[in-house]
Amino acid sequence: MKRILVTIATTLLAVASLAAKDYKVSTPNSMLVLTAEEGQPLYFRYYGIKADMTDVFSSYRAMKYEAFRAFGTHCSLPSACIIKHSDGDNATKLVVEGVEETSTDTQNILTVTLKEIARPLKVKLYYKAYKDCDVIKMSAEYINEGKKPIILQKYMSAALPVKSEECWLMHIDGEHGSENNETFEPLTEGVKVLSTMEGGFPSRHNNASFMLGTDNRISETEGNVIAGTLAWTGNFHIEFINNMIAKEPVMIHAGINPTAADYTLDGKKSLMTPEMIFTYSSKGKGQATRNLHYWARNHHILDGKAERHILLNSWEGVRMNVTQTGMNSMMSDFSELGGEMFVMDDGWFGNKYARTDSQGLGDWEVCRERLPEGIGRLIEYAHGKNIRFGIWIEPEMVNYKSELYEKHPDWVLKNEHFDPTYGRGGTQLLLDLTNPKVQDHVFGVVDNLMKENPEIAYIKWDFNMSMFNASSPYLPKSHQSNLYVDYHLGLQNILKRVREAYPTLIIQLCSSGGYRMNYGFMPYFQEMWTSDQTDALHRIYIQWGALNFYPANMLAAHVCSAQNKYTQRRTPLKFRFDVASMCRMGMEMVPADFNEAEKAYAKRAISEYKRLRGTIQQGDLYKLVSPYEGRRDYASLMYVEPSKEKAVVFVYRMLFTRKMHQKIIKFQGLDPERKYLIKEVAPEVEGQPIELDGKIVSGRYLMDEGVVIKELTTESSRRTPYNDIRDMNDFRSCILELIAQ
């Protein structure tokens, strides 16, 4: 009898362990549902608004689709991974081995372990849902439990099926000086791929971010939207596979670009893939943007809640013509304007090979000819002017005409059989960060600078060359195709060491402008340089596109000289300041070029930005008028404090025509039950604000009916001390502060 009872209990336990179960991965307003059963494939069921599962299944919005398919069984269907096993076979079948649910202070985590049915391979899938915002992160860990190496030929981080009648895709793309252009397109039958093969530039042509409207064209305020962004510092691959004719869901795969990157995974080793960040919005892409911004500021960007400084960078002002007196002069003039940080850009280093565009890179010692009193005296001078001091470096690079290259020619990426392809200046090469000795050197660039000058407050970390030479002297021949991954694992190791040693040091990410705009870097950096393009008109488009996915406090925006050095376009001083104020304001010019009236205006504009930057840098973003839509003559957006006590509105008139229409700007995000006092911020002529200034209007009316800013609609007849070339009817702007009463 006892034996019978034991047998029955064992049978019941086995049945229980094999039973299918639905697992919900939930945020405050969204949820993802998976079905797991031991010994069976993992099935995806639903991703959308948070709801009762009965409603989901009753409405037929749920599906049953393999959540993470490996190549080898249904080979005609999209695969998230392709693995060549040690026996040469590349067919893989993954089934559920176990499911674990855990929790931290900020996340609920579902870990699903898949195992290959015949070989010592496991894939762990991680689904991490935030408790305070509508963001879910996905990643995969590939584990070789065998003794022999296997080759990962495709190894995605995330797979997400989307059930939809019609999908519209929005993504951002561009080139140097024209980054982050919004592109909208229907997702037609076939495969759409966003990717990069630049090696170190993850966002040169495409950004690893998208928004997908699942039932119609994407709107700022309406429609169901899935937004995603891959946090990876290297080559990425995001594919959208649309086979709706065959009644298949649209499949999204995201992860490391597998092109020329077959990854040899040795026995008893594992590879953790980068995280794919998803958010779901049933209220258009504007809410998806706000979801990502909140997550980034509160959970991901280094010091995401800290106030960002107003800085002057020396690059556009003097290029590499760095001198002790020149730097002192710029700091003194900037201090008078109310500036807070000065950054000395390229040109300060090298002795045997004094820095030019073609030499000296890698020799991180102060050029005695250019800075005879050294960095320490510059810092002393900065502190005497009540500003902080920062410095430029490009530690991953070297010129072959440098002492570093002469000592360590084996430290660069190059092939032993032919001459390398050079980057900037015709001499630039990329250091091999797969080599631990090179990692020590790069860390030492920062460490030595900080030990010698511990009061450096800011570093601008630049990167100006694609990975032209994808061959590593350090990696063995059998692992050469690991380079595209292992380089970035080495880089991340360096950045972790830097942050452990200098946790409060402010570091800006720069890369020929915005070529490294990716969340994979942002646990180590406080901000990024959005673009080398500082022309204010161009910057409206560049910043507008970036703000779809990245918050204002992460994006550096600088006021350039009256005639921009890239476009040669002349724009009014107020317009330039108003555009820079949209994000983290700074300057990129020689302040001594200002006349007295311009200095007075700059001082007012900087003072006002300081007063309002908390709202701008931490507020909820609402886009009101897109520069990409309609007549393309206006752009407008606003930031609203979560309490709705205050908002800051930016309005830009880019182009003027004689039959200028009266543009109605309808606000968003306000409290409809409260009234708001409208104040113009830093009017062009002090004491002469627009007519709206001082008016008190209800939040409901401002959102439903809006306002007309007459001064931007009519032709200007007013000359100002800042517009001494001609009347500027193009490039007009104003900033409004809304204060709840």
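Predicted model only: the values in this text are computed from it and were never measured.

A. Quick look at the state of the cysteines. Under the criterion given, the structure shown has 0 disulfides. A disulfide-free cysteine, Cys75 has its sulfur positioned 12 Å from the sulfur of Cys81, the nearest such atom. Here Cys75 falls in the partly exposed class, since its relative accessible area comes to 39%. A disulfide-free cysteine, Cys583 has its sulfur positioned 15 Å from the sulfur of Cys560, the nearest such atom.

B. Fine view of the pairing of strand S22 (residues 341-344). Alternating positions in S22 separate into two faces, Met341 and Val343 on one and Phe342 and Met344 on the other, with burial throughout. Of the pairings in the sheet, the one linking strand S21 (residues 311-313) to S22 comprises 3 bridges and is parallel in character. Note that in S22 the partner of Leu311 across the bridge is Met341. By the bridge criterion, 4 bridges tie S22 to strand S23 (residues 388-393) in an arrangement that is parallel. Paired with Phe342 across the bridge in S23 is Phe389.

C. Up close: empty space enclosed by the protein. Evaluation of the coordinates by the stated rule reveals 6 cavities of 30 Å³ or more. Space inside the largest cavity adds up to approximately 80 Å³. Lining the largest cavity are 14 residues; nearest its centre among them are Ser581, Ala605, Tyr609, Val681 and Ile735. Going through the elements one at a time, helix H11 (573-580) and helix H12 (596-618) are the ones with two or more residues in the lining of the largest cavity. When residues in the lining of the largest cavity are grouped by element, the largest group, 6 residues, is from H12.

D. Looking closely at the packing of aromatic side chains. Per the counting criterion, the structure on display carries 22 aromatic pairs. On the numbers, 6.0 Å between centres and 40 degrees between planes, the contact of Trp348 with Trp364 is tilted. Taken as a pair, Trp348 in the loop between S22 and helix H6 (374-384) and Trp364 in the loop between S22 and H6 lie far apart in primary sequence, 16 residues in all. Aromatic pair Trp364 and Trp392: ring centres 6.1 Å apart, planes at 50 degrees, arrangement tilted. Linking Trp364 in the loop between S22 and H6 with Trp392 in strand S23, this pair joins segments that are 28 residues apart in sequence. The residues Trp364 and Trp392 share a single accessibility class, namely buried. Through a chain of ring-to-ring contacts, three or more aromatic side chains come together here, namely Phe575, Tyr639, Phe650, Tyr652 and Phe731. The residue whose ring lies beneath Arg497 is Phe443, and the NZ or CZ to ring-centre distance is 4.4 Å.

The rules behind each value
Residues numbered from 1 in each chain as written. Predicted model: local features only at pLDDT ≥ 70, side-chain atom pairs only at ≥ 80, totals over all residues. Heavy atoms only, no water. Disulfide = S-S within 2.5 Å. Buried < 20%, exposed > 50% of the residue type's maximum accessible area, 1.4 Å probe, protein only. Helix = DSSP H or I, 4+ residues; strand = E, 2+ residues; numbered from the N terminus. Pairing = 2+ DSSP bridges. 1 Å grid on protein atoms, 1.4 Å probe; cavity = no way out; pocket = protein on both sides within 12 Å on 5 of 7 lines; lining within 4 Å. Points joined across faces, edges and corners; volume = space filled by probe spheres on them. Phe/Tyr/Trp six-rings, centres within 6.5 Å; stacked < 30°, edge-to-face > 60°. Lys NZ or Arg CZ within 6 Å of the ring centre and 35° of its normal.

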